[in-house]
Amino acid sequence: MRTRVVMMRELGDETVLVPEDVDLPDPGPGEVVLRVLAVSVNHLDLELRDGRSRMPLTFPHVLGREVVGEVVETGPGAGGWTTGDRVVLLPHVPCGGCRHCLTGSANICLNGWMPGIHGWGGYAEHMIAPARGLLRAPDLPVETIAAVPISFGTAWRALESVARITPGEWVLVAGAGGALGHAAVQVAALAGARPIALVRDDNKAEFARSCGAEHVVVTGETDWVDQVRTLTDHRGVDAVVEHVGGASFEGCLAALAPRGRLVVAGGHGGEHPRIDVIETFRNEWQVLGVRSQRPDDVERVLGLVEQGRLRPHVDSVLPLERAAEAHRRIESRQATGKVVLVP
Ligand SMILES: [Zn+2]
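These notes cover the structure that comes with them. Throughout, a residue's number is its position along its own chain's written sequence, starting from 1. Given that the model is predicted, a residue must reach a pLDDT of at least 70 before its local features are reported, and side-chain atom pairs must reach 80 or more before they are shown or counted; all residues, however, enter totals for whole chains, interfaces and linings. To obtain the side-chain values, all non-hydrogen atoms of the structure were used and water was disregarded.

Points about the packing of helix H1 (residues 43–50) against helix H10 (residues 323–331)
Only the contacting stretch of a helix is used when fitting its axis, a line to C-alpha atoms as for every element, and angles between N-to-C directions run 0 to 180 degrees. Each helix corresponds to a stretch of at least 4 residues labelled H or I by DSSP, and each strand to a stretch of at least 2 residues labelled E; elements are numbered beginning at the N terminus. Packing of H1 against H10 leaves a shortest axis separation of 10 Å and a crossing angle of 110°. Of the possible angle classes, the one that applies to H1 and H10 is roughly perpendicular. Contacts between H1 and H10 pair His-43, Asp-45, Leu-46 and Arg-49 from the former with His-327, Ile-330 and Glu-331 from the latter. For this scheme, ten residues count as nonpolar: Ala, Val, Leu, Ile, Met, Phe, Trp, Tyr, Cys and Pro. Four count as charged, namely Asp, Glu, Lys and Arg, and the remainder, Gly too, count as polar. Counted by class, the contact of H1 with H10 contains 2 nonpolar, 2 polar and 3 charged residues. When an angle is under 35 degrees it counts as roughly parallel; over 145 it counts as roughly antiparallel; between 65 and 115 it counts as roughly perpendicular; any other value is oblique. A contact between two residues is defined here by any heavy atoms of the two lying within 4.5 Å.

Written out as structure tokens, the structure is:
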């Protein structure tokens, strides 16, 4: 099949993303061909593109991890999917057989397959996808669906499964104007917790409030950690979603209450922050990692979006050919919520 993709032939800035017509092979056993209806642009895409992710890619490569599509062709054994089905492709397709998959931790699967990393992703008019990585798409606009799996799935996992927040707890969310942050504020509010949003500047404060933040603190101000502690009657916060790194990580750790949990979901703003080990053990602080999402996390948040209880905010929808512009928009931190490409 002849199709159009946004090709990437080397690492570099956004100019390495070049639309190109290519021949797509026929789907193999257990595979389908998807017509891509929408694909989200994630910050990780930028890091894959310029090499910061430290994940090896095979060139030529096509990015795109968060895909909504329609099945247009099926290989042998395509798991009951048929032409015309509207589907969501899991951003992390677990193997189903390794020790993590078999013990309820498919998000850290040893042999997982990620579109746009381990194979060509969704910056394309068509792509080949494993049938076992498909979920039925809810009845929502495709741009909205594309904004759900990674940010809301990860936020759900971070707060519900890892931090295990309970109603009434203070939850601090770093980078609350971004895709993961705006999802985490909503998940915290939905759980009955009290979200405090951290934003870089005043422009994103109103947006964070609209997502359900009880308070918004601007990290550009030098005393932001004191402001957070004051808001909690000097007790500190019970849980944090941190994905910025560097000074943000250090400040969030200092803002924890005794026995507080800091969940790390990223940190390219500074990968080696300082940790005060004395304060950490005296307060029994917990620093916990969260990696991607399990299939049931994605199903859960898609259901909550369908019910209107979580509301992904789509910052902008751009045609596929303008993938480079989408990357610039995210890099410059102008975007609030998600940037989506539509072929
Ligand atoms: Zn596995």
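Continuing now.
Let's talk about the sheet that holds strand E13 (residues 286–289)
Each pair of strands is called paired provided DSSP finds at least two bridges between the two strands. Spatially, E10-E9-E8-E11-E12-E13 is the arrangement adopted by the 6 strands of the open sheet, whose pairing is parallel. Either end of the sheet is taken by a strand with one partner, and the two such strands are strand E10 (215–218) and E13. Averaged over all pairs of adjacent strands, the angle between their axes in this sheet comes to 20°, without regard to strand direction. Pairing between strand E11 (residues 237–242) and strand E12 (residues 256–264): 5 bridges, direction parallel. Bridge assignment links Val-237 to a residue of E12, and that residue is Leu-256. Running at roughly 165° to E10, helix H6 (residues 224–231) makes contact with strand E8 (170–173), strand E9 (194–199), E10, E11 and E12 of the sheet.

Things to note about the side chain of Ser-151
The topology assignment puts Ser-151 in helix H3 (residues 149–162). A polar contact of 3.2 Å, which involves the side chain of Ser-151, links it to the backbone oxygen of Ala-147. With residues up to four places along the chain from it excluded, the contact list for Ser-151 reads Glu-66, Ala-179, Leu-180, Ala-183 and Lys-338. Counted as a polar contact is a pair of N or O atoms within 3.5 Å, where, for protein atoms, one must be capable of donating a hydrogen and the other of accepting one, and residues adjacent in sequence contribute only when both atoms are in side chains.

Looking at the packing of H3 against helix H9 (residues 295–306)
Remark: H3 packs on H9, axes separated minimally by 9 Å, with the N-to-C direction vectors making an angle of 105°. Between H3 and H9, the interaxial angle falls into the category roughly perpendicular. Judged by residue contacts, Pro-149, Phe-152, Gly-153, Trp-156, Arg-157 and Ser-161 of H3 engage Asp-297, Val-298, Arg-300, Val-301 and Leu-304 from H9. Of the residues belonging to the contact of H3 with H9, the class tally is 6 nonpolar, 2 polar and 3 charged.

Some words on the environment of Ile-145
Counting through the fold element by element, Ile-145 comes out in helix H2 (residues 142–146). Assessed through its relative accessible area of 0%, Ile-145 is described here as buried. Considering only alpha carbons, one finds Ile-145 and Glu-250, 105 residues apart in sequence, at a separation of 34 Å. Buried, partly exposed and exposed residues are distinguished by accessible area as a fraction of the type maximum, computed with a 1.4 Å probe on protein chains only: under 20%, between the cut-offs, and over 50%, respectively.

Quick look at the pattern of salt bridges
The term salt bridge refers to a pairing of a side-chain nitrogen on Lys or Arg with a carboxyl oxygen on Asp or Glu at a separation within 4 Å. In the structure shown here, the tally under the stated rule is 22 salt bridges. Note that Asp-315 is salt-bridged to Arg-329, the shortest N-O span being 2.6 Å. One end of the pair, Asp-315, is in strand E14 (residues 314–319); the other, Arg-329, is in helix H10, with 14 residues separating them in the sequence. Residue Asp-315 is classed as buried on the basis of its relative accessible area of 18%. The class of Arg-329 is partly exposed, set by a relative accessible area of 25%. Several salt bridges share partner residues, and in doing so they unite Arg-49, Asp-50, Arg-52 and Glu-331 into one network.

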